[in-house]
Amino acid sequence: MPRSAAGKPAESPCAFDSRGRPARLRYNSQFMSELLEGKTALILGVANRWSLAWAIAQAYRRHGARIILTYQGERLRLTVEELAAELGADTVLACDVTRDEELDALVARLKEAGTRLDAVVHSIAFANREDLARPFLETSRAGYLLAQDVSAYSLVAVARAAAPLMSEGGSILTLTYLGSSRVVPNYNVMGVAKAALEAAVRYLASDLGPSNIRVNAISAGPVKTASARGIKDFSKVLDGVSQHAPLRRNTDPAEVGDAAVFLASSLGRGVTGNILFVDSGFQIMGL
Ligand code: NAD
């Protein structure tokens, strides 16, 4: 029986009315289920409560998963520890994905504790602020390599490190954006990194499929997060989406969390190598 946030039995989001007809579809973002019961998820990329990784962590938890969070550097440790306590997450571990030794230490800690992973979320990206403001043509070699290392290669490194812990298969998920395949003003070097990330999703899905590990990306619509604030004129992107997307509104991070639950659960068992758009439909529009 689904449970509400208060632990009481919740009305199903697709209940039937008194005559046995499907009731109007209602959805409560506090809806809980046991879709991820018994599963353990490692979530990389929580920086604060605006992070998409935080929305995913909350959704996974609501649907029964055990959560392990990581943080990038001491600066973020306290915030992530506080969020983890609020969520009832099991463990908080350090992991800067550009440092192989931190990835190795993370895996060693999980192995030591006898942790089996069922889901991994990679919600990480970084580029120099100046590369998100000046023409793409001006991108330096160092800025290009940095964006690729943190935002694309790190998925490969994380997948390679985590796969041996996913002994019963599972789901690896990353976050991408439309700027991978369309020109979005000021997204620049990050768009090229996202293109590489999406290609990496497909190659990893092919390599890991025989181990029943699925690899997918959610292409989220723009959301005001710390990373997004680094993109010049980001508020214009938000305005454009709310005016032109089929749903005429911006993406709610909880919608990303819910799609992530689908992909991590057995409902998504046949889906791999996919880019799932959770963007109010914006990507289908021509003009
Ligand atoms: P965020 O700033 O909350 O999250 C970015 C995370 O990346 C932070 O937790 C940061 O600590 C982490 N990170 C950066 N460098 C790292 C490193 N070397 N090692 C470990 N962690 C590192 O912003 P967000 O918007 O939640 O971004 C999460 C993901 O979602 C990113 O991949 C981003 O590109 C993607 N995304 C965001 C949007 C949006 O509009 N916000 C839209 C689509 C996709």
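Structural data are supplied above this passage.
Here the structure is a predicted model, which is why all the values come from computation and not from measurement. (Residues numbered from 1 in each chain as written. Predicted model: local features only at pLDDT ≥ 70, side-chain atom pairs only at ≥ 80, totals over all residues.)

### With respect to the sheet that holds strand E4 (residues 119–122)
In spatial order, the strands read E3-E2-E1-E4-E5-E6-E7; together these seven strands make up an open sheet with parallel pairing. Sheet topology places strand E3 (91–94) and strand E7 (275–278) at the edges, where each strand pairs with a single neighbour. Neighbouring strand axes in the sheet, compared pairwise and without regard to direction, differ in orientation by 20° on average. The sheet contact formed by strand E1 (residues 40–44) and E4 spans four bridges and is parallel. Its bridge partner being in E4, Leu42 is matched across the sheet by Val120. Helix-sheet contacts for helix H2 (residues 74–87) involve strand E2 (66–71) and E3, and the interaxial angle to E2 is about 170°. (Pairing = 2+ DSSP bridges. Helix = DSSP H or I, 4+ residues; strand = E, 2+ residues; numbered from the N terminus. Axes fitted to C-alpha atoms, helices over the stretch in contact; angles between N-to-C directions. Contact = placed C-beta atoms within 7 Å.)

### As for the site of the ligand
As a structural note, the neighbourhood of the ligand is formed by 28 residues, with Ala47, Ser51, Leu175, Thr225 and Ser227 the closest of them. Looking at the shell around the ligand, the elements that each hand over two or more residues are helix H1 (52–62), strand E5 (170–176) and helix H6 (226–229). Counting residues per element, the shell around the ligand draws most heavily on H6, at three residues. Of the residues assigned to the shell around the ligand, the class counts are 19 nonpolar, eight polar and one charged. (Near = placed C-beta within 6 Å. Nonpolar A, V, L, I, M, F, W, Y, C, P; charged D, E, K, R; others polar.)

### Considerations on the pairing of E1
For E1, the tally of buried residues reaches five of five residues, placing the bulk of the element in the interior. As judged from the five bridges shared by E1 and E2, these two strands associate in the parallel manner. Note that in E2 the partner of Ile43 across the bridge is Leu69. Since E1 and E2 lie parallel, the crossover through H1 that links them has a hand, and here it is right-handed. (Buried ≥ 20, exposed ≤ 12 C-beta atoms within 10 Å, placed from the backbone. Right-handed = clockwise from strand over helix to strand, strands pointing away.)

### Thoughts on the nonpolar core
Inside soluble globular proteins, nonpolar side chains tend to come together where they are buried. Counting 81 residues, the largest nonpolar core has Ala41, Ile43, Ile56, Tyr60, Leu69, Val121 and Ala260 as its most contacted members. Apart from the residues within four sequence positions on either side, Ile43 is in contact with Ala53, Ile56, Ala57, Ile67, Ile68, Leu69 and Val121. (Core = buried A, V, L, I, M, F, W, Y, C linked by C-beta atoms within 7 Å.)

### A short note on unusual backbone geometry
If a residue is not glycine, its phi is most likely negative; likewise, a peptide bond is most likely trans. Phi is positive for Asn188, close to 40°, though the residue is something other than glycine. Mapping Asn188 onto the fold places it in helix H5 (residues 188–208). A count of 26 C-beta atoms within 10 Å places Asn188 in the buried class. Here Asp233, not a glycine, exhibits a phi torsion of approximately 60°, which is positive. The topology assignment puts Asp233 in the loop between H6 and helix H7 (234–244). When the 12 C-beta atoms within 10 Å are taken as the criterion, Asp233 is described as exposed.

### Overview of helix H4 (residues 141–162)
Think of an α-helix as 3.6 residues a turn; residues three or four steps apart then line up on the same face. Between the first and last C-alpha of H4 there are 30 Å, a value that for 22 residues agrees with the 32 Å anticipated at 1.5 Å per step. Every buried residue of H4 is listed here: Ala147, Ser151, Ala152, Ser154, Leu155, Val158, Ala159, Ala161 and Ala162. (Expected span 1.5 Å × (residues − 1).)

### Some thoughts on the pairing of strand E6 (residues 213–220)
Two faces, one strand: in a regular strand the side chains alternate between the faces of the sheet. The buried count for E6 comes to eight of eight residues, which makes it a mostly enclosed element. Alternating positions in E6 separate into two faces, Ile213, Val215, Ala217 and Ser219 on one and Arg214, Asn216, Ile218 and Ala220 on the other, with burial throughout. Pairing of E5 with E6 involves seven bridges; the strand directions are parallel. Each residue of the ladder has a partner; that of Leu175, found in E6, is Ile218. Pairing of E6 with E7, which is carried by four bridges, proceeds in the parallel orientation. Among the inter-strand pairings, Ile218 is bridged to a residue of E7, identified as Leu276.

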